[in-house]
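Inside the fold
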Amino acid sequence: MPASDPRSSAPLSRQQYLDLYYFMRLNREVEDTMTRLFRQNKIVGGLYSSLGQEAVSVGTAYALEKRDWMAPMIRNIGALLVKGVPPRDIFTQHMAKYTSPTKGKDGTSHFGDLENLHIVSPISMLGDLIPVMTGVAMAGRYLGQKLVAMTWIGDGGSSTGVFHEGLNLAASQKASFVLILENNQWAYSTPVRRQVPLENLADRAKAYGIASYIVDGNDVVAVYTTAREAVARARAGEGPILIEAKTFRRRGHAQHDPAEYVPAEQREFWEKRDPILLYEKFLTERKLLDAKGKKAIEERIATLLEAEREFAENSPMPPPEFAAEGVYCTGDNCHKIQPRWERPLEEVMPPKSSVEAVWTVAGFGRGKTSDSGGNAPIHFGDTQPHRADEPPPPADAKSAGGKSAGKSKAKAAPAKASARGKARR
Amino acid sequence: MAPVTYLEAIRQAMFEEMAADPSVVLIGEDVGVYGGAFKTSEGLLEKFGWERVIDTPISESAIIGAACGMSYLGLRPIAEMQFIDFIACCFNQLTNFVAKGHYLWNAPAPIVVRGPAGGGVRGGPFHSANPEMYFLHTPGMKIVYPSTPYDAKGLLKASIRDNNPVLFFEHKFLYRRLKEELPEGDYIVPLGKAAVRREGRHLTILSYAAMVHTALEAADALAKEGIEAEVIDLRTLMPLDEEAILQSVKKTNKCLIVHEDTKTGGLAGEIAAILFEKAFHDLDGPVLRVASLDTPVPYAPTLEEAFLPNAQKIFATAKELARF
């Protein structure tokens, strides 16, 4: 069920409207500041821009609660800011300073915070975060924390093998996981049309039997209200949800790339749809923002970023001897690893945890999709609670299943299905 | 206590750790209902339930990714590779994501990746791998490869309690061929400590996993010819117990390294380099290697036997070394 017009159905408070505006402006100003630093040769390595995509980062992350976890990708500076990362962390990261979250060990948005903000660091290999955040969601459920895990992937990254493995595992586990597929239409120099033969990348969700949405990624209110609904559904136990946000990458892959391969008319079309300008118009029309209010926000951001940039510029580089440190955790003195239990421990310990072996887990294999009914009517493993009067499945259940599948070759698919759903009689 | 197999020792380690600590969970292919392809996790599902013994789709990258994500919330997942050969499928997830986390962003990932490794069981080219060196070259992971039931249990417990990602290789040739009486109650074998399996003064044979037993067989034969070989079982490949290696070589002045992994780029070359750096003046002869051929693991028994090191090859090479 693509969200047709979530804006009309779910009003936001005045503060929420203004928060979204503030964070989008902050996102852009942080990146503009870094572009200036890059031109002054103060950024180490590459600089990636999310110009024109701020509504996606801000609108989605704004739907998360403090207890929720996220893992941003390279163009999600806005999500970091919304989750509570101070701009100085982003500046020092890009400048490889010793005061940065990774103390200069890694750059860009490659940093995280397990303890407080619940942010997992990305790596450059695309898709890896999908199973990782699935694991976060699984652990959250196991510990009783009722959290939602969110990560982002591009149109390009959605073609990786681990995207499939991760999303399929998330679906089979019904993990409370929200995946934002940020379709900015370009994977470096390759347009989405040459990567994927699909009109909508949200259709990928059908393969996993999970719900999906398509949203205008340059409309921050639509992005937020869609993400809010998805987060609520994931938290309620509906399983993973995919949101395709359609947007456009207005700069090159990184600063070095003038992106001359992008057709001029496409660029012009999307420049006219700048998410901040669109939102300013929206706010002004609804009398949520006037010139005075806008100026106040701009001044607030300018003052903040001036101090944060100063801090970053005045920070030292890491000392050379630091290079050899920290490959291994040295034990409790280094990290005390302790899960935060929010459910009774005895639920997961014997004897209470003891179960009879059955084939499938609750709710698995229903094959629901966003527009329901898209799947073939094969049900394998729909849960049937194991009845006491039934004999337990054979210990060697696997080979038994294999045999019965082999016997009825004529109806290959349904036979396989019934073999897998051994517990169903 | 009745003696238990290497395989049962592994099962006991998981069972006891899961019983003692609710943060320990098991995730992998067919680990639950089926109890694992080799039955290493038999009975765990029934005891600990669906939430702690997690059957997954055939998705090694997702298994490792999910285990890592779970560890970020303080859990200690054990991820099983049905055969260790399939660890190649999650190479990126392990080497780029899991191994680098602590160094780069201060994120420990206390996961154990365990699975059956090694040849000699006619598993062929895709079910016989010894992939330790791919990962030994990756800073950030510990690597364990036990040779006895006692060690398998104690090292696995230590691995589960370790705050780092640990690759725990189980030699499947040993699964049901070895039995040993284990102490009652909890014990661990610390990571990074080698064991002297046989004392000797004429030369040192360094080995690990199933080849320890082959080396001991060769050492018996050598003893009949008056050559007393000291056999050292490395047990943990990362961190490597350099102290034990150097101590023995300084005593015997000769060193032969035996492993089932292929020769080129194998651990023997690395140890030889350490000996040249740190014990050059103690060496009375060349550092020699007995390892598998530099080929994929072949399928036919005649070919696999030719591929693998054996007691005769070790014996012959050791005799050559003893002449110096």
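About the criteria used
Residues numbered from 1 in each chain as written. Chains lettered and ligands numbered in written order. Predicted model: local features only at pLDDT ≥ 70, side-chain atom pairs only at ≥ 80, totals over all residues. Heavy atoms only, no water. Pairing = 2+ DSSP bridges. Helix = DSSP H or I, 4+ residues; strand = E, 2+ residues; numbered from the N terminus. Axes fitted to C-alpha atoms, helices over the stretch in contact; angles between N-to-C directions. Contact = heavy atoms within 4.5 Å. Core = buried A, V, L, I, M, F, W, Y, C linked by side-chain atoms within 4.5 Å. Buried < 20%, exposed > 50% of the residue type's maximum accessible area, 1.4 Å probe, protein only. Phe/Tyr/Trp six-rings, centres within 6.5 Å; stacked < 30°, edge-to-face > 60°. pLDDT = per-residue confidence, 0-100. Arc of directions from axis to C-beta. Parallel < 35°, antiparallel > 145°, perpendicular 65-115°, else oblique. Left-handed = near helix turned anticlockwise from the far one by under 90°. Right-handed = clockwise from strand over helix to strand, strands pointing away.

Looking at the sheet that holds strand β2 (residues 149–154) of chain A
Residues and elements named next belong to chain A. Judged by pairing direction, the sheet is parallel, and its five strands sit side by side in the order β1-β2-β3-β7-β6 without closing on themselves. Of all strands in the sheet, those bounded by a partner on one side alone are β1 (69–71) and β6 (211–216). If you compare each strand with its neighbour and ignore which way they point, the axes differ by 20° on average. Bridge analysis of β2 against strand β3 (residues 177–183) gives six bridges, and the strand direction is parallel. Considered in β3, the bridge of Gly154 is made with Glu182. Sheet contacts for helix α3 (residues 54–61): β1, β2, β3 and β7 (241–246); angle to β2, the most-contacted strand, approximately 165°.

Side note on the nonpolar core
Val120 and Tyr279 of chain A together with Tyr72, Ile87, Leu94 and Leu275 of chain B are the most contacted members of the largest nonpolar core, which totals 161 residues. For this core, the element with the most residues is helix α2 (residues 14–39) of chain A, which contributes eleven residues. Leu26, Val112, Ile160 and Tyr175 of chain B belong to the second largest nonpolar core, which has 36 residues in total.

Looking at the packing of aromatic side chains
A complete count under the given rule lists 23 aromatic pairs over all chains for this structure. With centroids separated by 5.7 Å and ring planes inclined at 50°, the aromatic side chains of Tyr17 of chain A and Phe282 of chain A adopt a geometry described as tilted. Note that Tyr17 of chain A is positioned in helix α2 and Phe282 of chain A in helix α10 (residues 275–285), a separation of 265 residues in sequence. Exposure remark for Phe282 of chain A: the relative accessible area of 6% places this residue in the buried category. A ring pair is formed by Tyr6 of chain B and Tyr175 of chain B, whose centres lie 6.1 Å apart and whose planes are at 55°; its orientation type is tilted. Remark: Tyr175 of chain B occurs in the loop between β7 (166–171) and β8 (179–180) and Tyr6 of chain B occurs in helix α1 (residues 6–20); sequence separation between them is 169 residues.

So, the environment of Ala322 of chain B
Residue and element names in this part refer to chain B. In this fold, Ala322 is placed in helix α12 (residues 311–322). In this structure the C-alpha to C-alpha distance between Ala322 and Trp105, which are 217 residues apart in sequence, comes to 50 Å. Beyond its immediate sequence surroundings of up to four residues, Ala322 is in contact with Leu203, Ile227 and Lys254.

Comments concerning the confidence of the model for chain A
Residue and element names in this part refer to chain A. A residue-level look at chain A finds 81% of positions with pLDDT of 70 or above and a mean pLDDT of 86. Note that pLDDT drops below 50 for residues 359–388; the model gives that stretch 56 contacts with residues more than four away or on any other chain. Below pLDDT 50 for its whole length, residues 390–425 participates in 35 contacts with residues either more than four positions away or in separate chains.

Examining α10 of chain A
Residues and elements named next belong to chain A. Looking at α10, one finds that the buried residues are Pro275, Ile276, Tyr279, Glu280, Phe282 and Leu283. When α10 is viewed along its axis, its buried side chains cluster within an angular range of 160° and face the same direction. Along α10, exposed side chains directed more than 90 degrees from the buried face belong to Leu277, Lys281 and Glu285.

Some words on the environment of Glu54 of chain A
Here Glu54 of chain A lies in helix α3. Glu54 of chain A has contacts with Met24, Asn27, Arg28, Gly59 and Pro275 of chain A, leaving out every residue within four places of it along the chain.

Considerations on the sheet that holds strand β9 (residues 195–198) of chain B
Residues and elements named next belong to chain B. Spatial ordering of the open sheet is given by β9-β11-β10-β13-β14, a layout of five strands whose pairing is mixed. Looking along the sheet, the strands with just one partner apiece sit at the ends: β9 and β14 (288–292). In this sheet, adjacent strand axes meet at a mean angle of 25° when their direction is disregarded. One ladder, built from three bridges, connects strand β10 (residues 203–207) with strand β13 (residues 255–262); its direction is parallel.

Some details on the packing of α2 of chain A against helix α5 (residues 87–94) of chain A
Residue and element names in this part refer to chain A. Interhelical geometry of α2 versus α5 gives an angle of 30° and a closest axis separation of 11 Å. Between α2 and α5, the crossing angle belongs to the class labelled roughly parallel. Here the hand of the crossing between α2 and α5 comes out right-handed. Across the interface between the two elements, Val30, Thr33 and Met34 of α2 pack against Pro87, Ile90, Phe91 and His94 of α5.

Here we look at the pairing of β7 of chain A
Residue and element names in this part refer to chain A. The element β7 is largely enclosed, with a buried count of five among its six residues. The pairing of β3 with β7 spans six bridges and is parallel. By the bridge assignment for β7, Val178 is matched with Ile241. Pairing of β6 with β7, which is carried by six bridges, proceeds in the parallel orientation. Its bridge partner being in β7, Ser212 is matched across the sheet by Leu242. You can see the chain leave β6, run along helix α8 (residues 220–235) and come back into β7, and the turn it takes is right-handed.

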